[in-house]
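Structural features, examined
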Amino acid sequence: MSSPLSAVPTTRARFPGNPGRPDWLASPKVFRTEVLAGLVVALALIPEAISFSIIAGVDPAVGLFASFTMAVVISVVGGRKAMISAATGAIALVIAPLNHQYGFGYLVAAVVLGGLIQIVLGALGVAKLMRFVPRSVMVGFVNSLAVLIFMAQVPELHDVPWAVYPLLAGGLALMVLFPRITRAVPAPLVSIVVLTVITVAAGIAVPTVGDKGDLPSSLPVPGLPDVPFTMDTLTVIAPYAFAFALVGLMESLMTAKLVDDITDTRSDKTRESIGQGVANIVTGFFGGMGGCAMIGQTMINVKVSGARTRLSTFLAGALLMVLCIVFGPVVSDIPMAALVAVMVMVSVATFDWHSVRPATLKHMPAGETTVMVVTVAAVVATHNLAIGVVLGSVTAMVVFAKRVARLAHVSAVVDPDGKQVVYAVTGELFFASSNDLVSRFAYRDDPDDIVIDLTGAHIWDASSVAALDAIEAKYGRLGKKVTVVGLNAPSAEIRARLAGRLGAGH
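To start, this report covers the structure provided alongside it. Bear in mind that the values here come from a model prediction, so they are computed numbers and not experimental data.

1. Quick look at the overall build of the chain
Assigned secondary structure in the chain consists of 19 helices and six strands. In terms of its C-alpha atoms, the chain occupies a principal-axis envelope of roughly 100 × 60 × 55 Å. Long-range pairs, those at least 24 residues apart, make up 83% of the contacts in the chain with a sequence separation of at least 6. Surface exposure of the chain reaches about 22900 Å², of which carbon and sulfur atoms provide 66%. In the chain, the 35 positive side-chain charges and the 32 negative ones have mean positions that sit 7 Å from each other.

Encoded structure:
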């Protein structure tokens, strides 16, 4: 049996005329776009990684190392080109209690175990569950992501020197206006460079990247987690590792689907699931805090900078370490206002404004709007995208069940001689629709011969079989005969297997 990774395209995508070259060498323009996009993302990753390290209760270098190894590894083994994986807030929240209670060694062990679980889940086909995420949940996911990105910038604008605000406005203006002049260089990179030069040259005292924490001065060194390799350790880390794996996969697969839509290309989500596991195992052995797809940085890479290949992802991680180790003093002088401006633009570009237009809401079914609102509200309230997706999907299922349940109809036709009545049942019969089925028959008034015609119906579950059993039992107690006809093959099979075994007639 072949490996799940063997069935997917190699990291060297081909293109007409140059069958042996990777896609990022398609033209000088593509190469330039990928390199500059990677640089912009690397700059944006530094304060984010440091902030997430603080959430997890670890040294800033731990988050930076995690971002480096995650991005580099996933650029090779991942299934979605141009998607950025690094240390994230969702992962930090999951593993923070473990670090606080048991120490850093247990955190690293949980990251490695979480990666193994992700590989197993990926091989089992967990990515296929993405097909059950409805569009309204996806829209809610995107909008809540935009809200979270914006909310994360608010603390950087509170209780700061007044100079931060004109710098922020200037950065936003540059990113709006510069693309009208040229798109050869990403506007966010221009904004970061210009604002940094202004603050350093003018000696303006504003919060900088260096205020977030010390940058590492050397590369990470691999090693084993500093924990006893016993069942007690496994018992401690297993719950955190499982939550880590689920949250990481859910965010990564949702982000991959979002990038698919933006770029109008398909990704291999099974490969991405396994790749996330591999990247987290490597990250754990290098002393990182683990991670998953970063939606904000992915939007910078794909939507703002226009990257489309694995090179940008690789360079985001590689340049992150170069910036920290080689250009640490320069990077430390970057004003936070410049990075906040970039993330504000990302949030505006990410939000699906069409989904909240009055004209759209007027024509959208109420159930779809409710699902979107529930998803957004859950994510904003919990700051956890995974919780929002789960609650949104459950809400969508309830809305769908109620809608389909109303499509089940029962109509009766009595023979002219009055000796037989035929009930025609149409629609989908499942737990939501079959509950009312029993009350749709006139048991005492009907003649002795009853035919239930299910030609236009389909039986989906045991609830529907139990309802038919209950109907037969009610007629039976009145001495009347029931004949069920018109079953399609799947409906006949489930009824033959369950009829009379569900206790519906008691």
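Don't stop here, the text continues.
2. Considering the sheet that holds strand β6 (residues 481-485)
Taken together, four strands build an open sheet; the order of strands is β3-β4-β5-β6 and the sheet is mixed. Because the sheet does not close on itself, it has two edges, and the strands there are β3 (409-414) and β6. Between one strand and the next, the sheet's axes are offset by a mean angle of 20°, whatever the strand orientation. Summarising the sheet, β3 and strand β4 (residues 420-429) pair through six bridges and their orientation is antiparallel. The residue bridging histidine 409 from the neighbouring strand is threonine 426, located in β4. The sheet contacts of helix α18 (residues 462-477) involve β4, β5 (449-459) and β6, and relative to β5 the element is tilted by about 175°.

3. With respect to unusual backbone geometry
The phi dihedral of aspartate 159 is positive, around 55°, even though this residue is not glycine. Despite not being glycine, aspartate 264 shows a phi value in the positive range, around 55°. If you trace the backbone, aspartate 264 turns up in the loop between α8 (231-263) and α9 (269-285).

4. Let's talk about the environment of leucine 39
With respect to the helices and strands, the residue leucine 39 is situated in helix α1 (residues 28-56). A sequence separation of 273 residues divides leucine 39 from serine 312, and the C-alpha atoms of the two residues are 8.2 Å apart. In this view, leucine 39 contacts Leu189, Leu319 and Leu323; residues no more than four positions away in its chain are not counted.

5. Examining the packing of aromatic side chains
Scanning all chains against the criterion turns up eight aromatic pairs. Here the aromatic rings of phenylalanine 351 and tryptophan 353 are separated by 4.5 Å at their centres, their planes lie at 45°, and the arrangement is tilted. Pairwise contacts between aromatic rings join Tyr423, Phe441, Tyr443 and Tyr475 into one cluster. Positioned above the aromatic ring of tyrosine 443 is the side chain of lysine 474, whose terminal nitrogen or guanidinium carbon lies 5.3 Å from the ring centre.

6. Some thoughts on the nonpolar core
By size, the foremost hydrophobic cluster in this structure holds 94 residues, and its most contacted members are Ile46, Leu64, Phe141, Met289, Ile300 and Leu320. Looking at this core, the element that brings in the most residues is α1, giving twelve residues. Sequence-distant contacts of isoleucine 300, defined by excluding residues within four places in its chain, comprise Val40, Val41, Ala44, Ser305, Val342, Met343 and Val346. Membership of the second largest hydrophobic core comes to 25 residues, among which are Ala408, Val410, Phe441 and Val482.

7. Topic: the side chain of glutamate 251
Checked against the element boundaries, glutamate 251 lands in helix α8. Lysine 269 provides the closest opposite charge to the buried, salt-bridge-free glutamate 251, at an N-O distance of 16 Å. Ignoring anything within four residues of it in the chain, the contact list for glutamate 251 reads Ala90, Cys292, Ala293, Ile295 and Leu385.

8. So, the state of the cysteines
Going through the model one piece at a time under the given rule, you end up with zero disulfides. With no disulfide of its own, cysteine 292 lies closest to cysteine 324 among cysteine sulfurs, the gap being 20 Å.

9. Here's the deal with the pairing of β4
Turn length for the β3-β4 hairpin, with the two strands adjacent in sequence and antiparallel, is five residues, and the turn residue glycine 418 shows positive phi of about 75°. With nine bridges connecting them, β4 and β5 associate as parallel partners. By the bridge assignment, glutamine 420 is partnered in β5 with aspartate 449.

10. Side note on helix α15 (residues 366-382)
The terminal C-alpha atoms of α15 lie 24 Å apart, and with 17 residues this matches the ideal 24 Å at 1.5 Å per residue to within 8%. Along α15, the positions that sit buried rather than exposed are Gly367, Val371, Met372, Thr375, Val376, Ala378 and Val379. Buried residues belonging to α15 abut α5 (135-153) and α16 (385-405). Backbone geometry just after α15 places histidine 383 at a positive phi near 55°.

11. Some details on the pattern of salt bridges
For the structure on display, the rule yields seven salt bridges. Between lysine 81 and aspartate 23 there is a salt bridge; the shortest N-O distance is 2.8 Å. One end of the pair, lysine 81, is in the loop between α2 (60-77) and β1 (85-86); the other, aspartate 23, is in the segment before α1, with 58 residues separating them in the sequence. Here glutamate 493 makes a salt bridge to arginine 497, at a shortest N to O gap of 2.4 Å. Here the residue glutamate 493 and the residue arginine 497 both occupy positions in helix α19 (residues 489-498), the gap between them amounting to four residues, near one helical turn.

12. As for the packing of α1 against helix α11 (residues 310-325)
One can describe the packing of α1 onto α11 by two numbers: an axis separation of 7 Å at closest approach and a directional angle of 50°. By the angle between their directions, the pair α1 and α11 is classed as oblique. The two elements α1 and α11 meet at a crossing, and its hand is right-handed. Facing Phe31, Glu34, Val35, Ala37, Gly38, Leu39, Val41, Ala42, Leu43, Leu45 and Ile46 of α1, the residues of α11 in contact are Leu311, Ser312, Leu315, Ala316, Leu319, Leu320, Leu323 and Cys324. Residues that form the contact of α1 with α11 fall into these classes: 16 nonpolar, two polar and one charged.

13. Details of α8
The end-to-end C-alpha distance of α8, which contains 33 residues, comes to 46 Å, matching closely the 48 Å that a straight helix rising 1.5 Å per residue would cover. Where α8 ends, the next residue or the one after it, aspartate 264, has phi of about 55°, a positive value.

14. Details of the pairing of β5
Side-chain direction in a regular strand flips from residue to residue, so the side chains alternate between the two faces of the sheet. Examined bridge by bridge, β5 and β6 share five bridges and lie parallel to one another. Pairing of valine 451 across the sheet is with threonine 483, part of β6. What joins β5 to β6 is α18, and the crossover it makes is right-handed.

Conventions and cut-offs
Residues numbered from 1 in each chain as written. Predicted model: local features only at pLDDT ≥ 70, side-chain atom pairs only at ≥ 80, totals over all residues. Heavy atoms only, no water. Helix = DSSP H or I, 4+ residues; strand = E, 2+ residues; numbered from the N terminus. Contact = heavy atoms within 4.5 Å. Areas by Shrake-Rupley, 256 points an atom, 1.4 Å probe, with all protein chains shown as cover. Lys, Arg positive; Asp, Glu negative; His and termini not counted. Charge placed at Lys NZ, Arg CZ, Asp CG, Glu CD. Pairing = 2+ DSSP bridges. Axes fitted to C-alpha atoms, helices over the stretch in contact; angles between N-to-C directions. Phe/Tyr/Trp six-rings, centres within 6.5 Å; stacked < 30°, edge-to-face > 60°. Lys NZ or Arg CZ within 6 Å of the ring centre and 35° of its normal. Core = buried A, V, L, I, M, F, W, Y, C linked by side-chain atoms within 4.5 Å. Buried < 20%, exposed > 50% of the residue type's maximum accessible area, 1.4 Å probe, protein only. Salt bridge = Lys/Arg side-chain N within 4 Å of Asp/Glu carboxyl O. Disulfide = S-S within 2.5 Å. Expected span 1.5 Å × (residues − 1). Parallel < 35°, antiparallel > 145°, perpendicular 65-115°, else oblique. Left-handed = near helix turned anticlockwise from the far one by under 90°. Nonpolar A, V, L, I, M, F, W, Y, C, P; charged D, E, K, R; others polar. Right-handed = clockwise from strand over helix to strand, strands pointing away.

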